[in-house]
Every structure is written in structure tokens, then in C-alpha cells.
Amino acid sequence: MAGLLFIISAPSGSGKSTLVHELRSVEKNLDFSVSYTTRAPRGSEENGREYHFVPRERFEAMIAEDELLEYAEVFGSYYGTGRSALSESFAHGRDLLLDIDVQGAEQVRERLPEAISIFILPPTPDVLKMRLTNRSRAEGKVEDSVIERRLAKAQHEIENYHKYKYVLVNDVLERAVDELSAIVKAERYLHDGDDLTRPGVQKVLAIAESCRVSHSAERLRPVLDAFGVVFSS
Ligand code: ADP
Ligand code: 5GP
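This write-up is about the structure you can find in this document. (Residues numbered from 1 in each chain as written. Chains lettered and ligands numbered in written order. Predicted model: local features only at pLDDT ≥ 70, side-chain atom pairs only at ≥ 80, totals over all residues. Heavy atoms only, no water.)

### Here's the deal with the site of ligand 1
Contacts to ligand 1 come from 13 residues, most closely from Gly13, Lys16, Ser17, Thr18 and Arg135. Within the side chain of Arg135, one N or O atom sits 2.6 Å away from an oxygen atom of ligand 1. Between ligand 1 and the protein, one listed contact pairs a nitrogen atom with a side-chain N or O atom of Asn170 at 2.8 Å. With the chains in place, 73% of the 570 Å² that ligand 1 exposes on its own is no longer accessible. For the shell around ligand 1, the secondary-structure elements that each account for two or more residues are α1 (16-26) and α5 (125-138). In terms of residue class, the shell around ligand 1 is made up of 2 nonpolar, 7 polar and 4 charged. (Near = heavy atom within 4 Å. Polar contact = N/O pair within 3.5 Å; in protein donor to acceptor, adjacent residues only side chain to side chain. Areas by Shrake-Rupley, 256 points an atom, 1.4 Å probe, with all protein chains shown as cover. Helix = DSSP H or I, 4+ residues; strand = E, 2+ residues; numbered from the N terminus. Nonpolar A, V, L, I, M, F, W, Y, C, P; charged D, E, K, R; others polar.)

### Some thoughts on helix α4 (residues 102-111)
Every buried residue of α4 is listed here: Val102, Gly104, Ala105, Val108 and Arg109. Along α4, the residues classed as buried sweep out an arc of 150 degrees about the axis, all on the same side. Where α4 is buried, its residues meet β1 (5-9), β5 (68-74), β7 (95-99), β8 (116-121) and α6 (144-158). (Buried < 20%, exposed > 50% of the residue type's maximum accessible area, 1.4 Å probe, protein only. Arc of directions from axis to C-beta. Contact = heavy atoms within 4.5 Å.)

### Some remarks on the site of ligand 2
Neighbouring ligand 2 are 18 residues, the closest being Lys16, Ser35, Arg39, Tyr51 and Tyr79. Between ligand 2 and Lys16 there is a distance of 2.7 Å, counted from an oxygen atom to a side-chain nitrogen or oxygen. If ligand 2 stood free it would expose 510 Å²; the protein chains cover 96% of that surface. Mapped onto the shell around ligand 2, the elements with two or more residues apiece are β5 and β6 (77-82). For the shell around ligand 2, a count of residues per class yields 6 nonpolar, 5 polar and 7 charged.

### Comments concerning the pairing of β1
Burial analysis of β1 places 5 of its 5 residues in the buried class, which makes it a mostly covered element. Both faces of β1 are covered, namely the face carrying Leu5, Ile7 and Ser9 and the face carrying Phe6 and Ile8. Both β1 and β7 contribute to a ladder of 4 bridges, which runs parallel. Each bridged residue has a counterpart across the sheet, and for Leu5 the counterpart in β7 is Leu96. Here 4 bridges tie β1 to β8, and the two strands are oriented parallel to one another. Within the sheet, the bridge partner assigned to Ser9 lies in β8 and is Phe119. (Pairing = 2+ DSSP bridges.)

### Section: the sheet that holds β6
Taken together, the 4 strands give an open sheet; going across it, the order is β4-β3-β6-β5, and neighbouring strands pair in mixed fashion. Because the sheet does not close on itself, it has two edges, and the strands there are β4 (51-53) and β5. The average undirected angle you get between the axes of adjacent strands in this sheet is 25 degrees. Sheet topology places strand β3 (residues 35-37) next to β6; 2 bridges connect them, and they run antiparallel. Of the residues in β6, the one forming a bridge with Thr37 is Tyr79. Each of β5 and β6 touches helix α3 (residues 83-91); the most contacted strand, β6, lies at about 25 degrees to it. (Axes fitted to C-alpha atoms, helices over the stretch in contact; angles between N-to-C directions.)

See the structure below:
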């Protein structure tokens with residue numbers, strides 16, 4: 001049986017990579033698609049682990065050869081998902097996780113409407129700025145213009161939150177990991193036709209449901225307000 005496809009998007013610096021890392025340590029059998037990018041490696045990033053770092057010419061050849069499921073230009077660099085990640089995971093009946101931006105998510109949803117999409121919000125613009133600054137500092141390179149560019153793009157990305165099935169706020173890390181993990185478990189239970197009346201299952205389903213956009217007005221409104229985005233479900 002083919003596996004599930006999860007898409008996670010978030011403004012840069014929201015903590016998506018951190019969350020994905022934590023999620024994969026608690027939820028097994030979840031492949032992560034290593035994207036191709038033309039941007040330079042950051043900090044301790046390694047080729048083939050966080051990304052396949054390729055020259056622009058190679059990326060453009062992949063576009064021409066239709067080797068990418070989706071791609072987008074983000075902050076002046078190309079980012080894209082290789083089709084092979086999907087076919088390999090699904091051939092083995094494994095679930096696959098894509099960490100892609102809002103443009104890429106739109107393309108995947110059009111091609112694969114069954115994909116389960118999750119949007120991660122930072123709690124406030126100030127916290128987002130602080131996380132971007134701390135990360136740059138840890139990498140030994142604080143460039144205010146880079147941080148400002150990422151902050152400016154955050155609002156535009158956040159405007160797309162309602163196109164996602166689930167939205168969560170990465171405030172307290174443990175809570176966000178629990179919610180993400182509940183979403184993955186819940187989708188697996190539903191997909192596998194498990195007995196949904198079991199007590200443990202009920203709890204997981206309730207946490208996942210609380211992350212549905214339609215059930216999150218109270219939680220999301222103040223966060224969206226802070227970014228100047230109007231709530232709509
Ligand atoms: P992204 O992948 O969304 O660009 P990162 O995972 O690199 O973001 O996180 C950006 C910074 O914020 C990192 O320094 C990370 O350690 C920190 N961070 C992530 N989640 C949290 C959280 N819930 N609370 C505090 N700091 C966090
Ligand atoms: P970063 O440079 O911070 O790693 O990523 C910048 C943005 O590119 C993030 O929003 C991230 O989700 C997005 N991104 C990473 N890989 C892909 C990809 O394969 N396709 C698309 N469309 N976006 C990606």
C-alpha cells in the first residue's frame with residue numbers, strides 16, 4: 001500500500017527543522033525528502049543530509065529533465081523536491097515528509113491532493129526575529145539584511161496558513177512536537193483503518209483535531225493578528 005505524504009511549511013526561523021528532527025526521533029518509518037538547493041550550506045549542514053547542494057546549472061538541468069516534483073525560487077536560490085524520493089518511499093509503503101515553502105506546497109497539493117499539509121507558525125514576530133538572530137549567531141554570521149528579508153517574507157507566507165489542513169504554533173517546543181506527532185499518528189490510524197475507539201487512539205485524534213484550522217480560531221487569532229494577517233478558516 002502506498003504511504004502517506006506529509007507537507008510541512010513555515011516561515012524561515014519558525015523552528016521547522018528542529019521540529020522535524022524531533023518528530024523523526026519519535027515517529028518511525030517516516031522518510032524525509034532531502035531537497036535540492038542552489039544555496040550555500042549553512043553552519044554545520046552537510047551535503048546529502050540537510051540538502052543536496054547543487055550548482056544552478058545542475059538544478060536547471062533537473063527542471064528541464066522533469067526530475068522535480070516541485071520547485072521554487074526562495075530568497076534568490078532554487079529549492080526543489082526530487083521525484084525519486086516519492087517513488088522510493090511509496091514503493092516501500094513508507095510515509096514521506098516534505099519540508100517545502102508555500103509555493104512548493106501549492107504545487108504538490110495540485111498534483112497530489114491526498115497530501116496532508118501542516119503549517120507551523122512562530123508565536124510572535126519578535127520571537128521569530130530572536131530565533132533568526134540566535135541561529136545566525138550560532139552559525140557565526142549575523143547579517144541584518146538577511147534576517148530582515150526573512151522577516152518580511154514571513155507575513156506573506158503566513159497569509160497562506162488556511163490552505164493547510166493543520167496549523168500549529170511552535171511556542172513551547174515539547175508541545176509542538178506532541179501535536180505534530182499526534183497529527184502523524186492520527187493520519188496513520190485513519191489511513192490504516194485502525195480501531196478508533198481505543199482510549200489511546202481517542203486522545204491522539206483529539207489532539208490532532210485541535211490543530212485543524214477550523215477548530216483553532218481562538219488559538220490562532222492573536223498569533224495572526226501579531227503578524228498583521230486576518231483569521232479565516
Ligand atoms: P527553520 O527550520 O524553521 O528555519 P530552525 O529549526 O533552524 O528553523 O530554528 C530556528 C532557531 O530557533 C534555532 O536556533 C532553534 O534552535 C530555535 N527554536 C526552534 N524551535 C524553538 C522553540 N520552540 N523554542 C525556542 N527556540 C526554538
Ligand atoms: P532554508 O534556506 O531556511 O533551509 O529554507 C528556506 C525555505 O525553502 C524554507 O521555507 C524551506 O521550507 C524551503 N524549502 C526547502 N526545501 C524546499 C523544496 O524542496 N522545495 C520548496 N518549494 N521549498 C523548499
